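The primary structure of each chain is shown beneath.
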Amino acid sequence: GGTVSGVSRYLKEQDPRVRVVAVDVAGSVFTDFFRTGRHGAPERYLLEGLGDEEIIACPEFERIDEMLQVTDREAFLAARDLARTEGILAGGSSGAALWGVRQVAASLGRPARIATILCDSGTRYLSSIYSDDWMRRHGFLEEAGWQLPASARP
């Protein structure tokens, strides 16, 4: 929340037309609060670095124009895709950011400049996100192999 708020503040000072899209994890209370102003019920999720069970002070929701909600699976598969296609070993939060960029790009219908922050390293996740066994145990990979979900494809 603090990162997106600070970046939003700076970018909107440079150009008020900048649109800031935050990505939240399904199960977090932030998206419900952003959309309705009410504290929703938190649900279990595995993605680290995004979301929370409580509304905390650091997100400045008024600086965010839109909030998308990503599932654990979408974030983790996008992180793995980033490693496979670009050679960038990033964590689940970065996978969520990439998923969000792809959602925004698909919705625009015109050329645009999109920037994002890849905010975590994948080195902490070698035994989880980057482990086929771990991913299968949590239902994120099919036995025969994994496919990037259609919502995460460029």
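The structure reproduced in this document is the subject of the present report. Remember, predicted model here, so these are calculated numbers, not experimental data.

1. Here's the deal with the environment of glycine 2
Next up, step 1: Within the fold, glycine 2 resides in helix α1 (residues 2–14).
Next up, step 2: Looking at glycine 2, the relative accessible area reads 37%, which means it is partly exposed.

2. Observations concerning the state of the cysteines
Next up, step 1: On inspection of all chains with the given rule, the structure shows 0 disulfides.
Next up, step 2: Cysteine cysteine 58 shares no disulfide, and the gap to the nearest cysteine sulfur, in cysteine 119, comes to 13 Å.

3. Some words on the environment of glycine 92
Next up, step 1: Within the secondary structure layout, glycine 92 lies in helix α4 (residues 92–108).
Next up, step 2: Judged by relative accessible area, glycine 92 falls into the buried class, the value being 1%.
Next up, step 3: C-alpha of glycine 92 to C-alpha of glycine 51: the two residues are 41 residues apart in sequence and 12 Å apart in space.

4. Comments concerning the layout of surface pockets
Next up, step 1: Empty space within the largest pocket amounts to approximately 1,300 Å³.
Next up, step 2: Every residue lining the largest pocket is counted, 41 residues in all, and those nearest its centre are Arg19, Val20, Val21, Ala115 and Thr116.
Next up, step 3: Secondary structure elements with two or more residues in the lining of the largest pocket: α1, β1 (21–25) and α4.
Next up, step 4: Looking at the lining of the largest pocket, the element that brings in the most residues is α4, giving 7 residues.
Next up, step 5: Residues of the lining of the largest pocket, tallied by class, amount to 26 nonpolar, 7 polar and 8 charged.

Parameters at a glance
- Residues numbered from 1 in each chain as written.
- Predicted model: local features only at pLDDT ≥ 70, side-chain atom pairs only at ≥ 80, totals over all residues.
- Heavy atoms only, no water.
- Helix = DSSP H or I, 4+ residues; strand = E, 2+ residues; numbered from the N terminus.
- Buried < 20%, exposed > 50% of the residue type's maximum accessible area, 1.4 Å probe, protein only.
- Disulfide = S-S within 2.5 Å.
- 1 Å grid on protein atoms, 1.4 Å probe; cavity = no way out; pocket = protein on both sides within 12 Å on 5 of 7 lines; lining within 4 Å.
- Points joined across faces, edges and corners; volume = space filled by probe spheres on them.
- Nonpolar A, V, L, I, M, F, W, Y, C, P; charged D, E, K, R; others polar.

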